[in-house]
Structures are given as C-alpha cells and as structure tokens.
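The primary structure of each chain is shown beneath.
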Amino acid sequence: VYITKEWARSRDINNAFQGTLSSYSLTLMMINFLQRTKPSVIPNLQLKMNNIDINTFELNLNDLWNSRNSCNLGDLFVLFLRYYSYFNYSRIISVRLANCIINSSHLNFKRKFINIEEPFNYSNVSRAISHPASLYLITESFQQTSQLTFNCKELN
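Since the model is a prediction, treat every value here as computed from it, not as a measurement.

Visitor: Explain the packing of aromatic side chains here, please?
Guide: The description of two aromatic rings rests on the distance between their centres and on the angle between their planes. Applying the stated criterion to the full structure yields 12 aromatic pairs. Between the aromatic rings of phenylalanine 77 and phenylalanine 80, the centroid separation amounts to 6.4 Å while the plane-to-plane angle is 25°, which identifies the pairing as stacked. Taken as a pair, phenylalanine 77 and phenylalanine 80 lie in helix 5 (residues 73-85) at a separation of 3 residues, close to a single helical turn. Pair check on accessibility: phenylalanine 77 and phenylalanine 80 agree, each one buried. Ring geometry for phenylalanine 80 versus tyrosine 84: centroids 5.2 Å apart, planes at 70°, classification edge-to-face. Of this pair, phenylalanine 80 and tyrosine 84 both sit in helix 5, separated by 4 residues, roughly a single helical turn. A relative accessible area of 0% places phenylalanine 80 in the buried class.

This is how it looks when you write it as structure tokens:
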C-alpha cells in the first residue's frame, strides 16, 4: 500500500482536497484488488469474522488464511495498475463484499465518478472525485504507468 500511495502522490492523484484519491481510497482499492486476484492474496475478513467486535478483537491472520498466490510484490503492483487501468468505474468497489457491485441508487453514490464503499458504514470514501477531469487524470495515470511497466520482467 505504501508503494501505491507513493506512486499516486508522484502522479498528483493522491489528494482528496484537490478532487483526487485519498490515501484511504487507495488502500481500499488495493485491498479490493488483492481480494479479487486469483488466487486471492488476502481474505474477506468481514465474511470470515462475522459478528465480532473489531474494537476488542486481536487478529492473527496466519490462523485464518494462507494465500496460494505466488506473485511477488512487483508483479502484484503491475497487476494492480493494469486492473484499474481498465476498470469499469461505474461500479462500486467493495472491500466488504470482496467484489465490485453495480452502482446503486444510494445517495452517497450518485453523481460521483469513482465509487468506493466504506466497509463499515457503506458511505462513498471517494466522494471528492466529482469532476470528469479528476477521473480522467486518475485513469490516465493508471494507464500510462501500466503501459510503462508492461514490458518489465522483474520489479521486485
């Protein structure tokens, strides 16, 4: 996630005050990607840990999950860039469901160009992205960097 945030900052797309992605939005995008990669890198903890108080629970991920994904970090970053280069941004990115869902009629997701569901209160954490120019800047950054990394053999 750190590398993703640094990349986004270098592309000027990591500033919610300027109408681009917040660090939290980028983190949720990365989590959603890692959940959806085949085989998945991380589990959907909300499904695995249903009805547990997250304020008092201590988590040992090794007891819950062993990923069978063999990609290195460099490959995962390149796949992340490619995934969001061609992503259908009319869909809602949902970590809670470990999926992408069709845009609902919920008020938090109307007239926004990127929709990322907050996994605990279901609001839109990317609501700052409300102009087509912001969406263009973000998608162009993903596409350009994805193209640059396409021919790299080893990024780890």
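Visitor: Just to check I follow, could you spell out helix 5 for this structure?
Guide: In an α-helix, one turn spans 3.6 residues; hence positions three or four apart end up facing the same way. Here helix 5 spans 18 Å end to end across 13 residues, near enough to the 18 Å set by a 1.5 Å rise per residue. Buried residues of helix 5: Gly74, Leu76, Phe77, Val78, Phe80, Leu81, Tyr84 and Ser85, and no others. Those residues of helix 5 that are buried are in contact with helix 1 (2-10), helix 2 (23-36), strand 1 (91-94) and helix 6 (132-149).

Analysis parameters
- Residues numbered from 1 in each chain as written.
- Predicted model: local features only at pLDDT ≥ 70, side-chain atom pairs only at ≥ 80, totals over all residues.
- Heavy atoms only, no water.
- Phe/Tyr/Trp six-rings, centres within 6.5 Å; stacked < 30°, edge-to-face > 60°.
- Helix = DSSP H or I, 4+ residues; strand = E, 2+ residues; numbered from the N terminus.
- Buried < 20%, exposed > 50% of the residue type's maximum accessible area, 1.4 Å probe, protein only.
- Expected span 1.5 Å × (residues − 1).
- Contact = heavy atoms within 4.5 Å.

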